[in-house]
Amino acid sequence: MAITASGLRKAFGRTQALDGLDLFVRTGEVHGLLGPNGAGKSTALRVLLGLVRADSGAVDVLGADPWRDATAVHRRLAYVPGEVTLWPSLTGGEVIDLLGGLRGGVAHDRVAAMVERFELDPTKRCRAYSSGNRRKVALVAALASDAELLVLDEPTAGLDPLMQAVFEQCVREARAAGRTVLLASHVLAEVERLCDRVSIVRSGRVVDSGSLTELRHLTTTSVRARLAAPADGLAALPGVHDLSTDGDQVRFRVDADALGRVLPALGERGVRDLVCQPPTLEELFLSHYGSRS
Amino acid sequence: MTGLAGVGALVRLALRRDRVLLPSWIAVLALVAISSAAATGDLYPTAASVVRAVGAVNDTPAMVALYGRVPDVGSLGALAMLKPLATGALAVAVLAIVLVVRHTRAEEDAGRLELVQAGAVGRFAPLTAALVVVVGANAVLGAVTAVGLGAVGLPVAGSVAVALAWFAVALVFAAVAGVTAQLVTGARAATGLAVALLGAAFGVRAVGDTAAPWLSWASPLAWAQQVRPYAGDRWWVGGLAVLTAAVVSTAAYALVARRDLGGGLLPDRAGPARAGRDLRSTTGLAWRLHRGPLLAWAAGFAAYGLVVGGVAADVGGMLTSDQARQLFAELGGQGELTDTVLAAMLGILGVVASVYGVQATLRAAAEENTGRAALLLSAPVGRLRWAAGHLAAACAGVVVVLVSAGLAAGAVHAVRTGDAGQVGRVVLGAVVQAPAGWVLAGIVLAVYGAAPRLAAAGWGAVVVFVLLGELGPLLGLPGWLSDLSPYAHVPHLPGGQFSAWPVAALAAVAAVAAFGGLLALRGRDLG
Ligand SMILES: Nc1ncnc2c1ncn2[C@@H]1O[C@H](COP(=O)(O)OP(=O)(O)OP(=O)(O)O)[C@@H](O)[C@H]1O
Ligand SMILES: [Mg+2]
């Protein structure tokens, strides 16, 4: 395990930002952290970095306690904050070298290659960068480092689609090189393409965690069919939800474990056409977000 | 004009953000003026005693350099308001600069202005709103002060003239800050440039009042005294200030019209693509962040030193009346008069150097509040080392600016007196001021460590300590209260008694405060 956190609680005044959060990230995986605004993703990452101390709970990052052994842990990880602010009078190249230098030096050819891939102009003063370019500076510094663990808070916010593709390629390479990546994101397609496992955070708690296949398994499949006979009685079958008919077309959602019992019932009514779709990540997500109370 | 749309909303926003700053600033200034007026009335009950006191003040070049002259030998009001008028003028000028930069350039740097201007807010609205706030705050301050001064028995017309005098200075420096906010590339630099101009105005007035009265007219800061409250009440000087402010703020508006949001007037040139060897550690970064302001401060201090060194020898000889000699001897001990002049001037430098210490230490808070500290401290850098780096830069900077002033003053003074030994004496007199500055830096770090949002309260400490020194004797405050101020323990050098222990004690207090701050920082969340 690269990261184990259990029962993390953190309150800011009256806001309970983390409310018993458990998070497990395996070494070498790309782990996605999803959740609505204000769910506590960034706070969780800051606790993992030892910038913020949890009120209670246990944290272990790369085998150490990030609050007590912050420097030792930081030597082995790199972080891109959710909001990147840089020193206005320094150039992007200087910031990259500064952050690398603090880590004990980074091979310059790696930096140069990253700068080139992200099409960053390292001679510009940071005050002159657009917000996307500021993020690129932090990304280049993190990706070019030899850190074993990359902690990325919304790494592609503000990047154009081309740069998002470059970023995804870099993350794949990082995984191939055996590095662990933990990323918080709102871009579902990106999470779907990149992440081996996902944790969904809501109100300071992980409400669901696992590979996408596992998560899907727990939810519903959507079914669309054209039937010869009327759809009477289908709605009453256990595990069937939200059934609607339009002429000979019928649509409904069905629990994954009830699918086996529903298919014969469809067959009895003469299936002319059938489409079964696993839930998209978006649906998965909305099912978690939607139950906000 | 659509360029002004939204001024009302911005003024309300500014008043809300300044709901603590403005009332406390107004209350402190008004109370200082009113209480010293009341106290002075008790000190000089007869007309003859007033004349004697005014004579002593006007014959004491150090007093004249600091506060200006009392224009009328027989006016109790003019005597009572000499110090409050001068220090108040400085204070309202600083407030005007802070307010204007805070509501224009600082908002722009934070990116909030962009958000605001995307709404129905005109291009010229932020500057206008800032100026409106300055005018309004000073109108309230003036009204409160005038009523208070009248209530303690000073003539009404003169009391209104005091209000006008401050108003004039605030107006001019608000306009100046409006220009500097447009000229340079950031709030910090904009404040720095405006304060440097204020410092120059102070220097011109000090030299003018002691040596060449016509020169004082070149300093807007001196216009406060030129209004001559209780000594002729020259209202037209207010007109001069309004005219000047109008011209300068027209320039500010013209600059607003020409400049893009976020930029300076001069485009940024490309910089190095790679960091040099020196920028690969937190120490290197601290040096990069502090060196620009430090060099500017050191240059300013050296310039002040040149002036002090140039006039010190003459000023000592100009003390003619016995009262002045006596007053001076009381101020500085038994040393030679020239020495006491030098010591008094270096004492002011000590206070100003501590201002450097405060603002340099506050850099750590700014780094945290902008989120840059989080990025930096996610690298293998201990947060104590990082914070201690900023403190060290602040404390070393205090010494650097004092030495540069001491060297400049000492060298010129040595040339004028033909005595090379003066260099060392003057430099020592400057350097012994440093521990008081360290104490303030330590206090700021202590507050920052415990509550980063309150770190700016360090400015409050400077104001309180200065007031304890200024008002303590006048109001008859108990000794222990005045002794809370670190400035009270600095040896008066050259000329006075040097003793190492108060210096060491100040350094120890600074160390304890700083240590407490670091301890608190270690145990709290980093924003
Ligand atoms: N320093 C702080 N002081 C007070 N409240 C805070 C602080 N940091 C976070 N919070 C609160 O904690 C909660 C969780 O915030 P957090 O930033 O972790 O959310 P998030 O999941 O990252 O949201 P987003 O997707 O919008 O980035 C929010 O309600 C936020 O207002
Ligand atoms: Mg966040």
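Keep in mind that this is a model prediction, so the values were computed, not measured. (Residues numbered from 1 in each chain as written. Chains lettered and ligands numbered in written order. Predicted model: local features only at pLDDT ≥ 70, side-chain atom pairs only at ≥ 80, totals over all residues. Heavy atoms only, no water.)

A look at the domain arrangement of chain B
Where interface size is quoted, it is often the accessible area lost as the parts come together.
Residue and element names in this part refer to chain B.
Now for step 1: In terms of domains, chain B is made up of domain 1 (1-265) and domain 2 (278-527).
Now for step 2: At the junction of the two partners, domain 1 supplies 22 residues and domain 2 supplies 20 residues.
Now for step 3: Across the domain 1 to domain 2 interface the summed buried area is about 1800 Å²; carbon plus sulfur atoms make up 74%.
Now for step 4: Broken down residue by residue, the surface that domain 1 buries against domain 2 is led by D59, P61 and R188, which jointly contribute 26%.
Now for step 5: The tally of links from domain 1 across to domain 2 stands at zero salt bridges.
Now for step 6: Along the contact surface separating domain 1 from domain 2 lie one residue pair in polar contact (both at pLDDT 80 or more). (Domains from an automatic or database assignment. Contact = heavy atoms within 4.5 Å. Buried area = accessible area lost by both parts, 1.4 Å probe. Salt bridge = Lys/Arg side-chain N within 4 Å of Asp/Glu carboxyl O. Polar contact = N/O pair within 3.5 Å; in protein donor to acceptor, adjacent residues only side chain to side chain.)

Focus: the sheet that holds strand β7 (residues 180-184) of chain A
In a beta sheet, neighbouring strands pair by backbone hydrogen bonds and run either parallel or antiparallel.
Residues and elements named next belong to chain A.
Now for step 1: Read from one edge to the other, the open sheet built from six strands follows the order β5-β6-β7-β3-β8-β9, with strand pairing classed as mixed. Two strands close off the open sheet at either side, each with one partner strand: β5 (77-80) and β9 (205-210). Strand-to-strand twist of the sheet, defined as the mean angle between neighbouring strand axes without regard to direction, takes the value 15 degrees.
Now for step 2: Sheet topology note: the strand β3 (residues 30-34)/strand β8 (residues 197-202) ladder contains four bridges and is parallel. Bridging from a neighbouring strand, L34 pairs with I200 of β8. (Pairing = 2+ DSSP bridges. Helix = DSSP H or I, 4+ residues; strand = E, 2+ residues; numbered from the N terminus. Axes fitted to C-alpha atoms, helices over the stretch in contact; angles between N-to-C directions.)

Examining empty space enclosed by the protein
Residues and elements named next belong to chain B.
Now for step 1: Inspection of every chain in the model, using the stated rule, returns six cavities of 30 Å³ or more.
Now for step 2: The calculated volume of the largest cavity comes to roughly 110 Å³.
Now for step 3: In terms of lining, the largest cavity is formed by L10, L13, A14, R17, H103, E107, L113, V116, P126, A129 and A130.
Now for step 4: Looking at the lining of the largest cavity, the elements with two or more residues in it are α1 (7-17), α8 (112-118) and α9 (125-151).
Now for step 5: By residue class, the composition of the lining of the largest cavity is eight nonpolar, one polar and two charged. (1 Å grid on protein atoms, 1.4 Å probe; cavity = no way out; pocket = protein on both sides within 12 Å on 5 of 7 lines; lining within 4 Å. Points joined across faces, edges and corners; volume = space filled by probe spheres on them. Nonpolar A, V, L, I, M, F, W, Y, C, P; charged D, E, K, R; others polar.)

Some details on the interface of chain B and chain A
Now for step 1: Residue-level contacts link 36 residues of chain B with 34 residues of chain A.
Now for step 2: Summed over both partners, the interface of chain B with chain A buries about 3200 Å², with 58% contributed by carbon and sulfur atoms.
Now for step 3: One can count four salt bridges joining chain B with chain A.
Now for step 4: A salt bridge links R280 of chain B to D97 of chain A; the shortest N-O distance between them is 3.5 Å.
Now for step 5: Counting only elements with at least two residues in the side of chain B that touches chain A, the list comes to α15 (282-318), α18 (372-377) and α24 (500-523) of chain B.
Now for step 6: For the side of chain B that touches chain A, the element with the most residues is α18 of chain B, which contributes five residues.
Now for step 7: Of the residues that constitute the side of chain B that touches chain A, the class distribution is 15 nonpolar, 10 polar and 11 charged.

Considerations on the site of ligand 1
Residues and elements named next belong to chain A.
Now for step 1: Near ligand 1, the surroundings consist of 13 residues, among which G38, K41, S42, T43 and H186 are the closest.
Now for step 2: Residue A39 places a main-chain N or O atom 3.2 Å away from an oxygen atom belonging to ligand 1.
Now for step 3: When ligand 1 is considered free in solution it has 630 Å² of accessible area, and contact with the protein chains removes 62% of it.
Now for step 4: If you list the elements that add at least two residues to the shell around ligand 1, you get β2 (15-25) and α1 (41-49).
Now for step 5: Examining the composition of the shell around ligand 1, we find that three residues originate from one element, α1, more than from any other.
Now for step 6: Each residue belonging to the shell around ligand 1 can be placed in one class, and the counts come to four nonpolar, seven polar and two charged. (Near = heavy atom within 4 Å. Areas by Shrake-Rupley, 256 points an atom, 1.4 Å probe, with all protein chains shown as cover.)

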